[in-house]
Amino acid sequence: MKTVGIIAEYNPFHSGHQYQIAMARRLTGADFVVVVMSGDFVQRGEPAVFDKYTRTAMALEGGADLVLEMPVRFATSSAEDFAACGVALLDRLGVTDVLCFGSELGRLDLLEQAAGILAAEPEAFRQKLRQGLAAGMSFPKAREAALVRELEACGLKEKGQDDWQKVLSSPNNILGIEYLKALKRRGSRISPLTVRRQGQDYHDTRLLPEDNRFFPSASAIRKAYRDAACPGWSGPVSQDPSGTGWSGPGSQDPSGAGCNGSGGTRPAVPVPIFPDDLSGLLDARLLELSRQNQDLTRFADVSPELAARIRRNLLEFDTFSGRIARLKTRQLPYTRISRALVHILLGITAEEISVSRSLDYAPYIRILGFRKAAGDLLGAIRRRCPLPMVTRTAGALRQMEDSPALDMLYQDICASHLYQSLVFHKSGGRMKNEYTQPVVIRHL
């Protein structure tokens, strides 16, 4: 039995993701594809456009065999922690042979060169990083500059590959390097494989005409939902005239994946959620923390500078994105602030992140869904994986009563309940909560 793993957000799942799954299976000859997926909040520090069960169903119908949830502490963390958690989970399953990831570069050897330096962190690299930070650069920019200079100094810049800055500023390349670094640091037996990204650029927000819309970007799809500009939708994007949500291949589903919802356990039409839907909740949370005179720097990603700026701007009420725009500086980029605000909202502290790292990132397996045909895969995981397997939440809480991972699981549950409240107040559509929602099963 051969198994390939993928770490993803599927925000939302689209035809490019379907292509990656198909390529991963074809290139490796894998029998099964396991996906570690962000839950209801994602790495950019915002809510996922659709809930995790809808996205799980889309992934299963798009070719995945098993979907696991990445704990929210790391799903909303830096690229380094996001990658380390995903790799740790796949590694500890005991069945993963290959990790497949997309990249703009499509060159595993060159990404390995960069990952080798980041994994070893030689003194010359650390010195260049300190110099960049002292010069006022943000950490990502300072690290990128230090890495480029170290690649040059080591003679690793290949002919025809002179623009390393461009390589290292591409989102999928960055994540790919982090996956490779995490594999190296773990000494994992998992082999890496990269598939070159096809279709629109990661940041492209134009939804192309339907006949050219193969492999759209997730950014373009989210924007289309936000602007209520998707073909086939009338009025709010939550009101699909067909009443079926995703209505199969060739439908007007802008993801191009042709998925059919999640089997009747969600509202008939998936309700899209956007960052600004968090605005009121964030205002209430910040006001209450201010009243309690809480130290904001205890929350993950909140620096003293950012905490001071939040306090000064506390009563400048705005949308979630508007508040970030007020707080943004050269040293505090948009995504860093967005993650910090989500950590404040969800109560994720720097200490909790540290504790979870000491537990090897993923101290339990949360199953979101699987194909019925994946019985052999699940059986192998039960035999080889030492971690508790969470399928029924209430039972898992009793099972993990004395485990240091219990608080981590509670935080996942709380984050999803908050997300479900957003769906209800936005649409009136009720969702099953984390104690009544079953695992998504597909008979494919």
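Bear in mind that the values here come from a model prediction, so they are computed numbers and not experimental data.

Digging into the environment of Leu-133
So, step 1. Locating Leu-133 in the fold gives a position in helix α6 (residues 123-134).
So, step 2. Counting along the chain gives 198 residues from Leu-133 to Gln-331, while the straight-line C-alpha distance between them is 9.3 Å.
So, step 3. Once you skip the residues sitting within four places of it in the chain, Leu-133 turns out to touch Ser-138, Phe-139 and Ala-142.

Remarks on helix α5 (residues 108-120)
So, step 1. Spanning 13 residues, α5 covers 18 Å between terminal C-alpha atoms, matching the ideal 18 Å at 1.5 Å per step.
So, step 2. Every buried residue of α5 is accounted for by Leu-110, Leu-111, Ala-114, Ala-115, Ile-117 and Leu-118. Seen from one end, α5 has its buried residues packed into an arc of 160°, which puts them on one side.
So, step 3. Glu-121 lies just past α5 and shows a positive phi near 45°.

What about the pairing of strand β5 (residues 66-70)?
So, step 1. Most of β5 is tucked away, with 5 of its 5 residues classed as buried.
So, step 2. Neither face of β5 is left uncovered, since the one carrying Leu-66, Leu-68 and Met-70 and the one carrying Val-67 and Glu-69 both have all their residues buried.
So, step 3. Across 4 bridges, β5 lies against strand β8 (residues 365-371) in antiparallel orientation. Pairing of Leu-66 across the sheet is with Phe-370, part of β8.

Thoughts on the packing of aromatic side chains
So, step 1. Tallied over the entire structure, the rule returns 4 aromatic pairs.
So, step 2. On the basis of an interplanar angle of 85° and a centroid distance of 4.8 Å, the ring pair of Tyr-10 and Phe-13 is categorised as edge-to-face. Like Tyr-10, the residue Phe-13 is buried in the burial classification.
So, step 3. A centroid spacing of 5.8 Å and a plane angle of 55° characterise the contact between Phe-101 and Tyr-179, whose relative ring orientation is tilted. Within this pair, whereas Phe-101 is found in strand β6 (residues 98-103), its partner Tyr-179 is found in helix α9 (residues 171-186), the two being separated by 78 residues in sequence. Like Phe-101, the residue Tyr-179 is buried in the burial classification.

Criteria and thresholds
- Residues numbered from 1 in each chain as written.
- Predicted model: local features only at pLDDT ≥ 70, side-chain atom pairs only at ≥ 80, totals over all residues.
- Heavy atoms only, no water.
- Helix = DSSP H or I, 4+ residues; strand = E, 2+ residues; numbered from the N terminus.
- Contact = heavy atoms within 4.5 Å.
- Expected span 1.5 Å × (residues − 1).
- Buried < 20%, exposed > 50% of the residue type's maximum accessible area, 1.4 Å probe, protein only.
- Arc of directions from axis to C-beta.
- Pairing = 2+ DSSP bridges.
- Phe/Tyr/Trp six-rings, centres within 6.5 Å; stacked < 30°, edge-to-face > 60°.

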